[in-house]
Amino acid sequence: MNASVSFPPVRIGQGYDVHAFGDGDHIMLGGVRVAHGRGVLAHSDGDVVLHALCDAMLGALALGDIGQHFPPSDDRWKGADSSDFVRHCNGLLRERGWRVGNADLTVICERPKVGPHAAAMRGTVAELLDTPLDRISIKATTSEKLGFIGREEGIAAQAVVLLVAV
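Bear in mind the structure is a predicted one, so any value in this text is a computation, not a measurement.

The rules behind each value
Residues numbered from 1 in each chain as written. Predicted model: local features only at pLDDT ≥ 70, side-chain atom pairs only at ≥ 80, totals over all residues. Heavy atoms only, no water. Helix = DSSP H or I, 4+ residues; strand = E, 2+ residues; numbered from the N terminus. Buried < 20%, exposed > 50% of the residue type's maximum accessible area, 1.4 Å probe, protein only. Contact = heavy atoms within 4.5 Å. Core = buried A, V, L, I, M, F, W, Y, C linked by side-chain atoms within 4.5 Å. UniProt positions renumbered as here; feature names shortened; annotations may be inferred. 1 Å grid on protein atoms, 1.4 Å probe; cavity = no way out; pocket = protein on both sides within 12 Å on 5 of 7 lines; lining within 4 Å. Polar contact = N/O pair within 3.5 Å; in protein donor to acceptor, adjacent residues only side chain to side chain.

## Here's the deal with the environment of Val 32
Part 1: Along the chain, Val 32 falls in strand 3 (residues 32-35).
Part 2: By relative accessible area, which is 12% here, Val 32 ends up buried.
Part 3: Separated by 22 residues in sequence, Val 32 and Cys 54 place their C-alpha atoms 16 Å apart.
Part 4: Discounting chain neighbours no more than four positions away, the residues touching Val 32 are Ile 27, Ala 120, Met 121 and Thr 124.

## A word on the nonpolar core
Part 1: Membership of the largest hydrophobic core comes to 46 residues, with the highest contact counts inside it found for Leu 29, Leu 53 and Ile 155.
Part 2: Elements that contribute at least two residues to this core include exactly strand 2 (26-29), strand 3, helix 1 (48-60), helix 3 (82-95), strand 5 (98-108), helix 4 (118-129), strand 6 (136-141) and strand 7 (154-165).
Part 3: In terms of residues, this core owes the most to one element, helix 1, which gives 10 residues.
Part 4: Other than its neighbours up to four places away in sequence, Ile 155 contacts Asp 17, Val 18, His 19, Phe 21, Ile 27, Leu 29, Val 40, Val 48, Val 107, Ile 108, Cys 109 and Phe 148.

## Focus: the UniProt feature "site: Transition state stabilizer" (unreviewed entry) in the chain
Part 1: This chain's UniProt record puts "site: Transition state stabilizer" (unreviewed entry) on His 43 and Thr 142. Separation in sequence by 100 residues is matched in space for these annotated residues, since their most distant C-alpha atoms are 24.8 Å apart. Lining the largest pocket, from the residues just named, are His 43.
Part 2: Position of His 43 among the secondary structure elements: in the loop between strand 4 (39-40) and helix 1.
Part 3: Residues within four places of His 43 in sequence aside, it is in contact with Pro 71, Pro 72, Asp 74, Asp 75, Trp 77, Lys 78 and Gly 79.
Part 4: A distance of 3.0 Å separates a polar side-chain atom of His 43 from the backbone oxygen of Asp 74.

## Concerning the UniProt feature "binding site: a divalent metal cation" (unreviewed entry) in the chain
Part 1: Residues annotated by UniProt as "binding site: a divalent metal cation" (unreviewed entry) correspond here to Asp 17, His 19 and His 51. Sequence-wise these annotated residues cover 35 residues; spatially they are packed, their C-alpha atoms never more than 10.3 Å apart. Here, the largest pocket is lined by Asp 17, His 19 and His 51 out of the annotated residues.
Part 2: When you line up the elements, His 19 lands in strand 1 (residues 10-22).

Following this line, the structure appears as structure tokens:
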């Protein structure tokens, strides 16, 4: 590559996470405890929103994925609060001179209904990233009763982040 080529001081990353439902009475979504008739099968707390966010952040900097930083084979992460994962990833960004400019997060499930929790999720994510609230978007959609999500066997999330140079 030509060394004289300059790039704008932004990077984009995308992330995706999915967990099957299992025993339990709640799930974690965007750092918020949401009552639900099921839990998720996961090594950590299984917060698909925060996991997808971490993968988007790590991807934007070409630093691998959440499984490389917090391997499920490592008992240190058993039952871990996914907020700690986001704090770690945000620290990696900051050390390298970046910050999240905005994050667009989508939850994909039939249930639970995300709308009643979206404002709390936005607030939690904004706080974790030390980013203004108007830079965080939380949306939800269903899979129109198709596939494992439609059969209510699990839940997924997608994330897109824009990183800006500090």
